[in-house]
Amino acid sequence: MGLRKGDCLIIVDMQNDFMPSGALPVPDSDKIIPILNSCIEVFRKKSLPIFASRDWHPPNHCSFKENGGTWPRHCVQGTKGADFADGLILPEDVIVISKATDPEKEAYSALKDTNLSEILRQKGIKRCFVGGVATEYCVFNTVMDLLSLGYEVYLISDAIKPVNFEDGKRAIDEMKKKGARIINSGEIA
Ligand code: VGL
Ligand code: ZN
């Protein structure tokens, strides 16, 4: 799969709180760090844009149980848990997309209430290669939004992890049905 101008890498929510020892653990999420690092290296060497989204909640965010939501408190702005995962090697010119920053609004997609779609348009992006967590939440919603906007999406199947295995499988099926192509990191790296 020859990478070319118009391609980008989108790494979704690879943050300490989503790692196995974090506040909202995604099982085996640490296992995909080396895989993502090798993808990053390939895109970096070709000077292709690399985006990293991050869940970036204020302390009073509505998704937290204590505020009436469903999740334990996680990825609070400026905390260690919200930092990108230890061991993830992001390039200096990574484009960070912070999402779910409004206390009143949940945002699973990296395109919801962010400037990501505008940057993709500005940069003439055609194909998005996507990895990260969690498969059935933020990866899923990001991929579906990208497909709705007309981007070609390549889901890097060995560089994603779900909260729940069965839900993850269903999410992959749905992304596929909408047009996402399922690839392996070996096809780009
Ligand atoms: C996520 C649950 C809550 C995710 C974010 O990044 O998939 N999941 N907030
Ligand atoms: Zn969240």
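Residues numbered from 1 in each chain as written. Chains lettered and ligands numbered in written order. Predicted model: local features only at pLDDT ≥ 70, side-chain atom pairs only at ≥ 80, totals over all residues. Heavy atoms only, no water.

A. Structural detail: the site of ligand 1. Taken together, the residues surrounding ligand 1 are Asp13, Phe18, Leu24, Asp55, Trp71, His74, Tyr108, Val133, Ala134, Tyr137 and Cys138. Note that an oxygen atom of ligand 1 is positioned 3.0 Å from one of the backbone N or O atoms of alanine 134. Separating an oxygen atom of ligand 1 from a backbone N or O atom of cysteine 138 is a distance of 3.2 Å. Look at ligand 1: alone it shows 260 Å² of surface, and the protein chains cover 99% of it. Here ligand 1 occupies the largest cavity. Residue classes in the shell around ligand 1 are distributed as eight nonpolar, one polar and two charged. (Near = heavy atom within 4 Å. Polar contact = N/O pair within 3.5 Å; in protein donor to acceptor, adjacent residues only side chain to side chain. Areas by Shrake-Rupley, 256 points an atom, 1.4 Å probe, with all protein chains shown as cover. 1 Å grid on protein atoms, 1.4 Å probe; cavity = no way out; pocket = protein on both sides within 12 Å on 5 of 7 lines; lining within 4 Å. Sits in = over half its atoms within 2 Å of the grid points. Nonpolar A, V, L, I, M, F, W, Y, C, P; charged D, E, K, R; others polar.)

B. Spotlight on helix H4 (residues 165-178). In this model H4 runs 20 Å from its N-terminal to its C-terminal C-alpha over 14 residues, within 8% of the 20 Å that 1.5 Å per residue would give. Of the residues making up H4, those classed as buried are Gly168, Ala171 and Met175. Along the axis of H4, the buried residues cluster in a sector spanning 60°; they form a single face. In this structure, H4 carries Arg170 and Lys177 as exposed residues pointing more than 90 degrees from its buried face. Each element contacted by the buried residues of H4 is listed here: helix H3 (135-148) and strand S5 (152-161). Of the residues that open H4, the one with a side-chain oxygen 3.1 Å from the backbone nitrogen of glutamate 166 is asparagine 164. Following H4 by one or two positions, glycine 179 adopts a phi angle in the positive range, close to 120°. (Helix = DSSP H or I, 4+ residues; strand = E, 2+ residues; numbered from the N terminus. Expected span 1.5 Å × (residues − 1). Buried < 20%, exposed > 50% of the residue type's maximum accessible area, 1.4 Å probe, protein only. Arc of directions from axis to C-beta. Contact = heavy atoms within 4.5 Å.)

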